[in-house]
Amino acid sequence: MERSTKKYWPVFVFPTMAAFIIGFIIPFVYGIFLSFCKFTTVVDWKWVGLKNYAKIFVVNGKLDKNFLHSLWYTSLFTVVTVIVINVISFAIALLLTRGLRGTNFFRTAFFVPNLIGGIVLSYIWLMIFNSVLQNYSQTIVSTQWHAFWGMVVVVAWQQIGYMMVIYIAGIQNISTDVIEAAKIDGASPWQMLTRVKIPMLMPTITICTFLTLTNGFKLFDQNFALTGGNPGKQSQLLALNIYDTMYGSTGWQGVGQAKAVIFFILVAVISLIQNRITTSKEAV
């Protein structure tokens, strides 16, 4: 039966591969090609070589301060959200795997925000933030740091429940024999956490870190709905900066596409480095 099933593997693989090639590979390759062109539509293009890439950082002989600001602002935002989301979700997962009453209710309550779309969630929080800040004659976009911490709260609120579920699954997969052996050896709760649970959770930590890292760098919906890049594009993350370049002015579509290619390379490199670091810790 198994051999007869293997004969028909192309029947199962082909539809998925065809969808992947048509929906991702072809648009991706064509997008790279368009980054070397000046275009208004995907069929109306003119080859300009590396001129689009030259304009990413320098415009009219001057540094593009908006793009450079978005670059470091996004990096800071990603670092903060990776730490906040993983620390809080891990702590909640530890609490909810201790057999407390109402565990299922709390799991559901923490996970529900992940089911709400980023734009909807951002508009809800926008009303909450502004209703509080108006008491101090402020809004969420009064300063870039109001916007920064507002986005951190929204993203953390949305993603903590999802990461919590992954951590819970990882904790429940730890062998009870290992836990019992550590207790017999007299391990304290802190030693149990740092020398037993965390090392055995490194595959889970790798997954959660990768997800939060990539989500932080490519964040768009929440940035667009919550702040719109205000004040004065000071709260623009990279994805919104690329969108603004593509659609904010005529003739800059090619530059926006070039930024998108650089953006992809940046996220891919950082993700690979992160994966390499956490994987090496797993081996240790």
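Here the residue numbers are simple positions, counted from 1 along each chain's written sequence. Whole-chain, interface and lining totals are the exception, using all residues; otherwise, since this is a predicted model, local features are given only for residues with pLDDT of at least 70 and side-chain atom pairs are given and counted only at 80 or more. Note that the side-chain values use all heavy atoms of the structure and ignore hydrogens as well as water.

Undergrad: Describe the environment of V152, naming the residues involved and giving the relevant values.
TA: Comment: elements are numbered from the N terminus, with helices defined as DSSP H or I runs of at least four residues and strands as E runs of at least two. For V152, the location among the structural elements is in helix α7 (residues 144–172). Three exposure classes are used, based on accessible area relative to the maximum for each residue type with a 1.4 Å probe and protein chains only: buried under 20%, partly exposed in between, and exposed over 50%. For V152, a relative accessible area of 5% puts it in the buried group. The sequence separation of V152 and G216 amounts to 64 residues, and the corresponding C-alpha distance is 9.5 Å. A contact between two residues is defined here by any heavy atoms of the two lying within 4.5 Å. Once you skip the residues sitting within four places of it in the chain, V152 turns out to touch F77, V80 and T81.

Undergrad: Explain the nonpolar core residue by residue, including any values.
TA: The biggest cluster of nonpolar side chains holds 41 residues, and the ones touching the most others in it are F77, F90, Y167 and L226. Contributing elements (two or more residues each) for this core: α4 (65–96), α6 (118–133), α7, α8 (176–184), α9 (189–200) and α10 (202–217). Counting residues per element, this core draws most heavily on α7, at 14 residues. Excluding anything up to four places from it in sequence, F77 contacts F148, M151, V152, V155, G216, L219 and L237. As used here, the term nonpolar core means buried Ala, Val, Leu, Ile, Met, Phe, Trp, Tyr and Cys residues forming a set that is joined through side-chain atoms within 4.5 Å.

Undergrad: Please give an account of the packing of aromatic side chains that cites residues and values.
TA: The pairing test for Phe, Tyr and Trp rings, Trp by its six-membered ring, is centres within 6.5 Å, and the orientation test on the planes gives stacked under 30 degrees, edge-to-face over 60, and tilted for anything in between. For the coordinates displayed, the defined rule picks out 25 aromatic pairs. An angle of 45° between the planes, with centres 5.2 Å apart, marks the rings of F36 and Y53 as tilted. Of the two residues, F36 sits in the loop between α2 (9–34) and β1 (37–41) while Y53 sits in helix α3 (residues 51–57), which places them 17 residues apart along the sequence. Following the ring pairs from residue to residue traces out a cluster consisting of Y30, F33, F36, W45, W47 and Y53.

Undergrad: Go over α2 with me, naming the residues and quoting the values.
TA: Given the number of residues in a helix, its expected span is that number minus one, multiplied by 1.5 Å. Its 26 residues give α2 an end-to-end C-alpha distance of 36 Å, which sits within 8% of 38 Å, the value for a rise of 1.5 Å per residue. Within α2, the axis deviates most sharply at I21, by approximately 40°. Note that the bend at a residue is defined as the angle between axes fitted to the seven residues ending at it and the seven residues starting at it.

Undergrad: Tell me about the environment of A268, and name the residues and values.
TA: Considering the arrangement of structural elements, one finds A268 in helix α13 (residues 253–283). Take A268: its relative accessible area is 27%, and that puts it in the partly exposed class. C-alpha separation for the pair A268 and T214, spaced 54 residues apart in sequence, amounts to 8.6 Å.

Undergrad: Tell me about the pairing of strand β2 (residues 44–47), residues and numbers included.
TA: Bridge count for β1 against β2 is 4 bridges, and the pairing is antiparallel. Along β2, the bridge assignment pairs K38 with K46. Strand pairing is assigned whenever DSSP identifies at least 2 bridges connecting the two strands. As consecutive antiparallel partners, β1 and β2 are separated by 2 residues.

Undergrad: Can you tell me about the environment of V42, naming the residues and giving the values?
TA: Within the fold, V42 resides in the loop between β1 and β2. If sequence neighbours within four positions are ignored, V42 has contacts with Y30 and L34.

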